[in-house]
Every structure is written in C-alpha cells, then in structure tokens.
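Chains, contacts and geometry: an overview
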Amino acid sequence: MLNIQIDNPELEKNIKQTYGDDAQSMGRAFFDFIHQQKIKHDIGVSIKQLDDGKAISMEKVMKHLQAKYE
C-alpha cells in the first residue's frame, strides 16, 4: 500500500471538498489521473519515436495498444 502526504493546504481543501472522507472515490480518481498521465507519456514517447524515424506499422501499433490497455 502506498500512502501519500499532501503538504499543500489549498490542494487538501479542494480534495476534501470534492471527496469528503470517501477514500474509495478519492483512490479511484487518483488511479484514473495516474492512468491518464501514463497514456500521455506513452503518446509522447511514440511521437518522439516517429520524429526519430523509428515508426512501426499501424497493425503492430494497434496490437500493442490492445494488449497493453485491455
């Protein structure tokens, strides 16, 4: 289990206003946020690979994405 300490009073206030004491909803929202950040990172890596001339076929891309996010 990972515990995160928040040392930003404004952020803590916003979280409490949004989620109250519902740790499950807060955990799910955090999971969704981290997942979106991972997807953005992966897309950034892919764009850099394209820029560097390291493109792969669309078929390989789609198979990889399907396996990764199922």
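Right, let's walk through the structure included here.

Considerations on a nonpolar patch on the surface
- On the surface, a cluster of nonpolar side chains totalling about 680 Å² of accessible area is made up of L2, I4, I6, L11, F30, F33 and I34.
- Broken down by element, the nonpolar patch gets its largest block of residues, 3 residues, from helix α2 (residues 23-51).
- Relative to the elements of secondary structure, F30 occurs in helix α2.

Some words on the environment of K48
- Along the chain, K48 turns up in helix α2.
- Residue classification places K48 among the exposed positions, given a relative accessible area of 51%.
- Expressed as a C-alpha distance, the spacing of K48 and K60, which sit 12 residues apart in the sequence, is 17 Å.

Examining helix α1 (residues 9-19)
- Taking burial as the measure, the 11 residues of α1 include 1 buried ones, a minor fraction of the element.
- The N-cap residue of α1 is N8: its side-chain oxygen and the backbone nitrogen of E10 are 3.0 Å apart.
- Looking at the residues trailing α1, positive phi occurs at G20, about 60°.

Cut-offs applied
- Residues numbered from 1 in each chain as written.
- Predicted model: local features only at pLDDT ≥ 70, side-chain atom pairs only at ≥ 80, totals over all residues.
- Heavy atoms only, no water.
- Patch = residues over 30% accessible without salt bridge, like charges linked within 9 Å, V, L, I, M, F, W, Y side chains within 5 Å.
- Areas by Shrake-Rupley, 256 points an atom, 1.4 Å probe, with all protein chains shown as cover.
- Salt bridge = Lys/Arg side-chain N within 4 Å of Asp/Glu carboxyl O.
- Helix = DSSP H or I, 4+ residues; strand = E, 2+ residues; numbered from the N terminus.
- Buried < 20%, exposed > 50% of the residue type's maximum accessible area, 1.4 Å probe, protein only.
- Polar contact = N/O pair within 3.5 Å; in protein donor to acceptor, adjacent residues only side chain to side chain.

All we've got here are geometric facts, nothing functional implied.
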